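Now for the letters of each chain:
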Amino acid sequence: MDLALITVAFVLSLGTSSFAYNYTFPEGFLFGTATSAYQVEGAWIEGGKGENIWDRLTHERPDLILDQSNGDVACDSYHKYKEDVAMCVELGVQFYRFSISWPRIYPHGFSYNLNKEGLLYYSKLVDELLANGIIPVATIYHWDIPQALQDLGGWTNPLVVNHFVEYARVLFDNLGDRIKYWITINEPSQICQEGYGNMDKAPALNLSGIADYLCGHNLLKAHAAVYHLYNDTYRESQNGTVGFTINGVWYEGNSTYDDDAAERMMQMYFGWWAHPIFSSQGDYPPVMKTFVARKSAAQGYRRSRLPEFTPEEIEYIKGTADFMGLNFYTARKAKGAEYDGLEVSYSNDHQVESWIDRDWPMTIAPWFGINPLGFRKHLNWIKERYNSPDIYITENGYPDAGEIDDFDRIDYYREHLKAMLDAIYEDNVNVRGYTAWSLMDNFEWMFGYAHRFGLYYVDLTDPQRPRTPKRSALYYKEIVRTRQLTYEKLK
Ligand code: GBH
């Protein structure tokens, strides 16, 4: 063998360690794609729907939205849901994750005036999916609480638990014969921290260190109550599965000292939600209780701003998920930080400073640097702390300005799917399914239509809202078809 050949053989053998499983997805692994109601449906005041907090925010404060847009029409999926299902068929995915708009079902959130027309819409969507052999995966709450409930404090009002239960009950009653995968709530951190703690989401209350914790407390109880409702009343006859979806950000320190801060941040960002539901002890993470209590005391509060669960509530919430939904997009570096002791805020409570590493490629979104290895590490972190739960990746995706030839998105998907397969095969993490966010370009909250995550391009200037597959749609379709990661660079 000459040197060149030896070199080639060496390089190939280096490659084989990570090629060991040949990039094939496990048997039974499910592929899907996702959207959420407010982001795609439009028809904001049609079909008997009530006003939600995003209608209110976008109409009253368009200045808070990057392009001053709103979801009044969005992708018009309320009228074009058959096209959406046809796109899922074209992609060949096994499931479609959509969300149900609470004020389409109960326009004011109270359970006295059920809007049959709203129910009918979801019933038709589900039937269309099933007729095409696609599993419906329904998120019960993806950020669009009725404005009437918000006027009473929204998630900070303990009575929200009852309203949420009645809303879920009507869904189980009317759709549970056909929907077997439920996600109670999408991303509690975004709801409570970004919506109540700051102004990154509706209702933009900006009451950090107080309203965020109250929101979280009721939200966890509401989730648990819906899980118990399903268990006690529907599971036997409907035989479905109920999960809870948390957004994961992989926080990583640079040194052993910073690792403490990074772990604390993981606990106070992800553990805030995962610990009460998925840990064997239940309740908020000990470090979170300690840090919020200590800071509260220093500020003169008679008790911690983080509400306490009773022992009964801890037991009631613990174990209330058949699977963990993980949304993963990005990672951050972290180190311990001192803030002004008197400022009442979540960041002053956790005492961690975090940033995007300069070495990671950036996306169009200011919050989003790319770090696929962080995905693998996050999956391992979950496995170790929560006794290896069944995990579904309920979102993962990449934003740009709307390229059709979206090679960077393809790179993103490939690298994250590879990181996930490494976690499955090399680290034995229980990942059961993967969801590409998003089926199509849609209303990206505060970023309006300026940041687009779609596999399909949507022309939002055309009243018909035509959809066009991007390169990434063809790429994803190929992966789903072959059940293997196409690893050649496509550029
Ligand atoms: C998901 O949230 C949502 O579930 C989905 O609806 C959304 O379309 C998708 O991500 C893409 O963003 O920089 O201060 O403006 C992901 C969670 C969203 C959390 C962006 C951080 C940035 C806040 N992340 N957010 S800011």
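Thresholds, definitions, all that
- Each chain carries its own residue numbering, running from 1 in the direction its sequence is written.
- Local features are withheld for residues below a pLDDT of 70 in this predicted model, meaning they are given only at 70 or higher, and side-chain atom pairs are given and counted only at 80 or more; totals for whole chains, interfaces and linings count all residues.
- Side-chain measures here rest on the full set of heavy atoms in the structure, leaving out hydrogens and waters.
- UniProt positions are given in the numbering used here, feature names are shortened, and annotations may be inferred rather than shown by experiment.
- Partly exposed residues are those whose accessible area sits between 20% and 50% of the maximum for their type, while under 20% is buried and over 50% is exposed, using a 1.4 Å probe and protein chains only.
- The helix count covers DSSP runs of H or I at least four residues long, the strand count covers runs of E at least two residues long, and both are numbered beginning at the N terminus.
- Only strands that DSSP links by at least two bridges are regarded as paired with each other.
- Think of it like this: strands point away, you trace from the first strand over the helix to the second, and a clockwise trace means the crossover is right-handed.
- Only protein atoms enter the 1 Å grid, on which a cavity is a set of points fitting a 1.4 Å probe that cannot get out and a pocket is an open set with protein on both sides within 12 Å along at least 5 of 7 lines, lining residues being those with an atom within 4 Å of a point.
- Grid points are joined across faces, edges and corners, and a volume is the space filled by probe spheres set on the points.
- In this count, Pro and Cys sit with the nonpolar residues alongside Ala, Val, Leu, Ile, Met, Phe, Trp and Tyr, while Asp, Glu, Lys and Arg are called charged and the others, Gly among them, polar.

If you look the protein up in an unreviewed UniProt entry, it shows as Myrosinase 1 from Agrilus planipennis. Its UniProt record gives the protein a comment under Subunit (unreviewed entry), which states: "Homodimer." Recorded in UniProt under Sequence similarities (unreviewed entry), the annotation for the protein is "Belongs to the glycosyl hydrolase 1 family."

K.L.:
Can you walk me through the pairing of strand E9 (residues 431-437) in this structure?
P.N.:
Sheet faces and side chains relate simply in a regular strand, where the side chains alternate between the two faces. Burial within E9 is extensive, with six of its seven residues counted as buried. With five bridges connecting them, strand E1 (residues 30-34) and E9 associate as parallel partners. For Leu30, the partnering residue across the bridge sits in E9 and is Gly433. Both strand E8 (residues 391-395) and E9 contribute to a ladder of three bridges, which runs parallel. Across the sheet, residue Ile391 finds its bridge partner in E9, namely Val431. For the segment spanning E8, helix H16 (residues 407-425) and E9, crossover handedness is right-handed.

K.L.:
Looking at this structure, how should I read the layout of surface pockets?
P.N.:
Rolled over the atoms, a probe sized like a water molecule indicates the empty space that remains. When its volume is computed, the largest pocket comes out at roughly 900 Å³. For the largest pocket, the lining is made up of 40 residues, of which Gln190, Glu194, Asp200, Tyr269 and Trp367 are closest to its centre. Listed by contribution, the elements that provide at least two residues to the lining of the largest pocket are helix H9 (188-197), strand E5 (241-252), helix H11 (256-278), strand E6 (323-336), helix H14 (346-350) and strand E7 (352-355). Grouping the constituent residues of the lining of the largest pocket by class yields 16 nonpolar, 15 polar and nine charged.

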